[in-house]
Amino acid sequence: QVQLVESGGGLVQPGGSLRLSCAASGVPFDYSVIGWFRQAPGKEREGVSCITSSGYTYYKGTVKGRFTISRDNAKNTVYLQMNSLKPEDTAVYYCALGRVYGLEQRLYDHWGQGTQVTVSS
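Residues numbered from 1 in each chain as written. Predicted model: local features only at pLDDT ≥ 70, side-chain atom pairs only at ≥ 80, totals over all residues. Heavy atoms only, no water.

Asks: Describe the pattern of salt bridges, with residues and values.
Replies: Counted under the stated rule, the structure contains six salt bridges. Taking the shortest distance from any N to any O, the salt bridge between Arg99 and Asp109 comes out at 2.7 Å. Placement of the pair is Arg99 in the loop between strand 9 (91-98) and strand 10 (108-111) and Asp109 in strand 10, with a sequence separation of 10 residues. Here Glu104 ties to Arg106 by a salt bridge, and the two come within 3.0 Å at their closest N and O atoms. Classification of Glu104 as partly exposed rests on a relative accessible area of 42%. Taken together, the salt bridges that share partners define one network made up of Arg38, Glu46, Lys60, Arg66 and Asp89. (Salt bridge = Lys/Arg side-chain N within 4 Å of Asp/Glu carboxyl O. Helix = DSSP H or I, 4+ residues; strand = E, 2+ residues; numbered from the N terminus. Buried < 20%, exposed > 50% of the residue type's maximum accessible area, 1.4 Å probe, protein only.)

Asks: How would you sum up the sheet that holds strand 8 (residues 77-82)? Please name residues and give values.
Replies: The strand order 1-3-8-7 describes an open sheet built from four strands, whose pairing is antiparallel. Edge positions in the sheet fall to strand 1 (3-7) and strand 7 (67-72), since each of these pairs with one other strand and no more. Geometrically, the sheet is characterised by an average inter-axis angle of 15° between neighbouring strands, direction not taken into account. (Pairing = 2+ DSSP bridges. Axes fitted to C-alpha atoms, helices over the stretch in contact; angles between N-to-C directions.)

Asks: Tell me about unusual backbone geometry, and please be specific about residues and values.
Replies: Positive phi is not limited to glycine here, since Asn76 has a value of about 50°. Relative to the elements of secondary structure, Asn76 occurs in the loop between strand 7 and strand 8. The class of Asn76 is partly exposed, set by a relative accessible area of 30%.

This is the structure in structure tokens:
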């Protein structure tokens, strides 16, 4: 019933920008948390950012000042605006739905299919 669909990934040069979208369906948007996670080649999945239904946001330290998470309740969509991208940002990016605020994978119950972000010249 719950469905999360990521989009917006692609190939971008260092210093460029991408805007990822996570469209949610099958769940009420209130009282939910959407998190963005990423998994780079050869590395474990890590939390990047999350946002609550009230708009409270949190970021992994390495992306603060570069990434912005936002939520459009009318569209049931969460966005991750990524600026000043670096090669180390290359990863598959996933959005996930949870009930508890945080960047730990175990806090999230439903996951999207992922979208590839590649930062390279």
